[in-house]
Amino acid sequence: MSLRKIIHVDMDAFYASVEQRDDPSLSGRPVVVAWRGSRSVVCAASYEARKFGVRSAMPAVTAERLCPDAVFVPPDFTRYRAASRHVREIFLRHTDLVEPLSLDEAYLDVTQNHGGLPSATAVAQKIRAQIREETSLAASAGVAPNKFLAKIASDWNKPDGLFVLKPDAVEAFLTPLPVGRINGVGKVMDGKLATLGIRTMGDLRARDVRELESLFGRYGRRLHELSHGVDENPVMPDRPVQSISAEDTFAEDLPLTDLEPTIRELAIKVWTATRKVERLGRTVVLKLKTREFRILTRSLTPASMPESAEELADLALALRERVQLPDSTRYRLVGVGISNFREADDLGAQSGLFSGY
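For every chain, the first residue of the written sequence is number 1, and numbering continues from 1 along that sequence. Totals for whole chains, interfaces and linings use every residue, but because this is a predicted model, local features are given only for residues with pLDDT of at least 70 and side-chain atom pairs only at 80 or more, for both listing and counting. For the side-chain quantities, the full set of heavy atoms in the structure was used; hydrogens and water were omitted.

Even after reading the chapter, I still don't get the packing of helix H4 (residues 77–94) against helix H5 (residues 120–135), so can you show me in this structure?
Two numbers describe a pair of packed helices, the interaxial angle and the distance between the axes. Orientation of H4 relative to H5, taken along the N-to-C sense of each, is 145°, at an axis distance of 10 Å. As H4 packs across H5, the resulting crossing turns out to be right-handed. Residues His86, Val87, Ile90, Phe91, Arg93 and His94 of H4 form the contact with H5, whose own contacting residues are Val123, Lys126, Ile127, Gln130, Ile131, Glu134 and Thr135. Under the convention adopted here, Pro, Cys and the residues Ala, Val, Leu, Ile, Met, Phe, Trp and Tyr are nonpolar, Asp, Glu, Lys and Arg are charged, and Gly plus all remaining residues are polar. Here the contact of H4 with H5 is built from residues that sort into six nonpolar, four polar and three charged. Axis lines are fitted through C-alpha atoms, for helices just across the contact stretch, and the angle between N-to-C directions can take any value from 0 to 180 degrees. Per the convention used, a helix needs a DSSP run of H or I reaching at least four residues, while a strand needs a run of E reaching at least two, with both numbered from the N terminus. Rotating anticlockwise by less than a right angle from the far helix to the near helix defines a left-handed crossing, while the corresponding clockwise rotation defines a right-handed one. Contacts are assigned to residue pairs that have any heavy atoms within 4.5 Å of one another.

The structure is reproduced here in C-alpha cells:
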C-alpha cells in the first residue's frame, strides 16, 4: 500500500479566537466562552486564560476562581458555524477528502491535491495562510502518513504552528511519547499499562502482540500497531455525527447508587462535545456494564432537550430507575451519551440544548 499524505488541521482556541477577532477590545485578554453561573461549563478558553489553568468542559465557577480577571463571553454558535464553513470551503479547494471532526478540526487526505502543489507540507502551509488571510484566525496543522500521527503532530507546535512527521522518522518520534497520547487510553487503561511497566510507546512496542491481545483483546493489537505508527483508517468525507458519548471504567466495581459523581462528570464532557458539531441530538443514553460484563443501555427522548450539563446529568441519572437489576449488582463501567442526531434545519425551533445554534 502506498503511503497516504494526511493533514490534521486544528483551529487554535477557536470559539475564543472568533470572539477576540470580532471584538478587538478582547485581544490579548483572558477570554472564557461560557455563560456565568453554577450550572454553566466552559465551551472554550483563550490562550491567555489557559495560562491560569482554565480549560474547556470545566465548570464556569471554577474558571472564574482560577482567573478572576477573565472576560466571560456567552457562546454564539451562529458565528462559530459561519467561520467553520469558511474554513471548510478552504479545505475543499485542496482536496475532496475532508473529514470534519467538529467545528474546529478536520482530517484531510492530500495524497493527491487539487492545486498540484509538490508536497503535503506545501498544502498545509497554503491552507494555514489562506485561513489567516481570509478569516483572521490561526490554525495549527500536522502532516503525517496517517490520521493517528497527523493528530499528534498538529498539537506539537501549537498555537499557530506546523509540524511535519515524515515516514522515516515515525518510530524514533513515537518511542519516548507517553501511552496516554493514544486515543482511548484514559486513566483506567493507563493504570493497567502502568502495572505492566508500560509508560511509553517504546515500552508498548517492545511487548509481544500476543501478550497484549490476551490482556486487552482486539484493542491490544490496536495498541501494538499504533506504537509502530500504523493506522490504516482512511479519511472519511461527509460522515455525519450519529452519536456522542463518554464513558469511564472504575478501578473497583460499584453499586448503582454510587455512580452519580461519575455520571455528572461524563455529562459535562458530552455536553461540551455537542457544542462543537453542526447536527443536533435528540436522545439521552445511559450505558452500564456489570461486573459480569453484561451491557445495558437505557434511553429517553424528551420533548425538549436540557439546557445545561447539569440537566443532561439529571436525565441520565433518572434513567437508573429503569435498570431493574438487584441492588447487589455491581457495575464496572458507566457511560453517558446523546444519539439520534438530525440536521439542525430538520428540528426547527425545538432543541433547548442547542438553542445557541
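What's the story with the packing of helix H10 (residues 209–216) against helix H11 (residues 218–227) in this structure? I'm lost.
It is the contact of H10 with H11, at a shortest axis distance of 6 Å, that shows an interaxial angle of 140°. Looking at the two axes, H10 sits oblique to H11. The handedness of the crossing between H10 and H11 is right-handed. Touching Val209, Leu212, Glu213 and Phe216 of H10 are Arg218, Tyr219, Gly220, Arg221, Leu223 and His224, all from H11. In terms of residue class, the contact of H10 with H11 is built from five nonpolar, two polar and three charged. Oblique is the label for any angle not under 35 degrees, not over 145, and not in the 65 to 115 range, which are roughly parallel, roughly antiparallel and roughly perpendicular in turn.

Help me understand the sheet that holds strand S7 (residues 139–144), please; the structure alone is not making it clear to me.
What links the strands of a sheet is backbone hydrogen bonding, and the strands pair in either a parallel or an antiparallel sense. For two strands to pair, DSSP has to find at least two bridges joining them. One open sheet holds the five strands; their spatial order is S5-S6-S1-S7-S8, and the pairing between them is mixed. The sheet is open, and its two edges are formed by strand S5 (98–102) and strand S8 (162–164), each paired on a single side. When strand polarity is set aside, the average angle formed by the axes of neighbouring strands in this sheet is 15°. Bridge count for strand S1 (residues 6–11) against S7 is six bridges, and the pairing is antiparallel. By the bridge assignment, Met11 is partnered in S7 with Ala139. Of the strands in this sheet, S1, S5 and strand S6 (105–109) are in contact with H4, which crosses S5 at around 155°. Packed on one face of the sheet, H5 meets S1, S6, S7 and S8 and runs near 170° to S7.

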